[in-house]
Amino acid sequence: MSLSPAAQRVLRAVAATLVPDAPADLGDRVAAKVATLPRPADRAELDVLLRLLDTRAVNLMLSGIPTPFTRMTAAQRERCLRGWATSRLPPRRKAFQALKRLTTVTHYTTPGVAKTVGYPGPLSPPPHTPKPIRPTLVTADTTLSCDVVVVGSGAGGGVVAGELTAAGKDVIVLEKGGYRNEADFTHQEGDALATMYDAGGLLATRDLGLVVLQGSTLGGGTVINYTTSLATPDAVRGEWARVHGLPHFETAEYTRALAAVAARLGVNTDHARPSASRRAAARCPRLLSGRFLRLLRHGVPPRREAIDLDHVSAGCRRLRRADRRRL
């Protein structure tokens, strides 16, 4: 479902308000992103809300501005959107969050644009790396035989499939994402979001309160994760045990399992050079009271060189990370 022409006109004005120096076609590119949202209800709701935003009576009642959004001055449009962002009405806040994320993600993942906020872009062209795995592409009704079917090839499914295979089982792993490796890692964020993240990186909870950056590629989230490796906190383990009836998480066996996983992944502090965004945040004395952890990160031993954390979320080219396709 595409946005209606009326909604698209409003979206162009919204995009120009959120990113004043953006190219004139930003609103149209955001509309194309809206058409890819996974839930039809979200697309329909955005269309209705955008059209309401261009209604004189609605704006008078909710923002105190008796003018359609597309006819407001730049200052009025900004005031109107700020009102939506801080509204006590959840649908207005939800609509603002959706529009803000769609617009900023579309703009700042355009090649070259992110340099204005310190992201250097690709350091070099992708390497010519062959693909050793030969997935079976299923494009029609097909009958396959096996002992076990594992859905998903990421950190959970990949481990289960590996253990079952080692135990002598015939295993089929189902993965809805494509197969991309170092040769495909352009380190252009827009390309990475479109090809390796579920819903193009726009997957969110129903109230849009939380973005779910979930991998959708062979290897799942292990291909595009940020490498931060923190053991499950004791408080969380206790909650799982007491609230959800899962006492195993408070046992010594689970503690040993965490240690085994950390050893297998090569968790260490040698890869802890902070990224550009983290270095920028560290310059703010009030943020987290100025305290920053030296994070534990994973890299397959014995390779301990520091990895470039500005790029790993778009695919690690140097085989330093515990990608399920390689373990």
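On a predicted model such as this, the values are computed, not experimentally measured, just so you know. Going along each chain's sequence as written, the residues are numbered from 1 onward. In keeping with the predicted nature of the model, local features appear solely for residues at pLDDT of at least 70, side-chain atom pairs appear and are counted solely at 80 or more, and the whole-chain, interface and lining totals rest on all residues. With hydrogens and water set aside, each side-chain value is computed from the structure's full complement of heavy atoms.

## Here we look at a nonpolar patch on the surface
So, step 1. Each patch is built from salt-bridge-free residues with over 30% relative accessible area, joining like charges within 9 Å and nonpolar side chains (Val, Leu, Ile, Met, Phe, Trp, Tyr) within 5 Å. To be clear on the numbers: accessible area is Shrake-Rupley with a 1.4 Å probe, and residue cover counts the displayed protein chains and nothing else. Whenever a carboxyl oxygen of Asp or Glu lies within 4 Å of a side-chain nitrogen of Lys or Arg, that contact is scored as a salt bridge. Together, Val 149, Val 151 and Leu 174 make up a nonpolar patch on the protein surface, roughly 290 Å² of accessible area in all.
So, step 2. With respect to the helices and strands, the residue Val 151 is situated in strand 1 (residues 148-151).
So, step 3. Buried means the residue's accessible area, taken with a 1.4 Å probe over protein chains only, is under 20% of the maximum for its type, while exposed means over 50%, and partly exposed covers the values in between. Since its relative accessible area comes to 70%, Val 151 is described here as exposed. Only runs of H or I of at least four residues qualify as helices and only runs of E of at least two qualify as strands under DSSP, and these elements are numbered from the N terminus.

## Observations regarding the pairing of strand 1
Both faces of the sheet carry side chains from a regular strand, because those side chains alternate between them.
So, step 1. We treat two strands as partners when DSSP finds at least two bridges between them. The pairing of strand 1 with strand 2 (residues 171-174) spans 4 bridges and is parallel. Paired with Val 151 across the bridge in strand 2 is Leu 174.
So, step 2. Seen with its strands pointing away from the viewer, a crossover is right-handed if its path from the first strand over the helix to the second goes clockwise. A crossover links strand 1 with its parallel partner strand 2, the connecting element being helix 7 (residues 155-166), and its sense is right-handed.

## Looking at helix 3 (residues 40-53)
Residue pairs spaced three or four apart in an α-helix point in one direction, given the helix's 3.6 residues per turn.
So, step 1. For a helix, the expected span equals 1.5 Å multiplied by the number of residues minus one. For helix 3, with 14 residues, the first-to-last C-alpha span of 20 Å sits near the 20 Å given by 1.5 Å per residue.
So, step 2. If you check which residues of helix 3 are buried, you get Asp 42, Arg 43, Leu 46, Asp 47, Leu 49, Leu 50 and Leu 53.
So, step 3. What makes two residues a contact is simply this: any of their non-hydrogen atoms within 4.5 Å. Buried residues along helix 3 sit in contact with helix 1 (5-18), helix 2 (26-34), helix 4 (56-63), helix 5 (74-85) and helix 6 (90-108).

## Digging into the pattern of salt bridges
So, step 1. Applying the stated rule across the entire model yields 10 salt bridges.
So, step 2. With a shortest N-O distance of 3.4 Å, Glu 45 and Lys 94 are connected by a salt bridge. Of this pair, Glu 45 sits in helix 3 while Lys 94 sits in helix 6, placing them 49 residues apart in sequence.
So, step 3. In this structure Lys 94 comes out as buried when scored by relative accessible area, which is 17%.
So, step 4. We note a salt bridge from Lys 176 to Asp 198, for which the minimum N-O separation is 3.1 Å. Placement of the pair is Lys 176 in the loop between strand 2 and helix 8 (189-196) and Asp 198 in the loop between helix 8 and helix 9 (221-224), with a sequence separation of 22 residues.
So, step 5. Lys 176 gets classed as exposed once you look at its relative accessible area, which sits at 68%.

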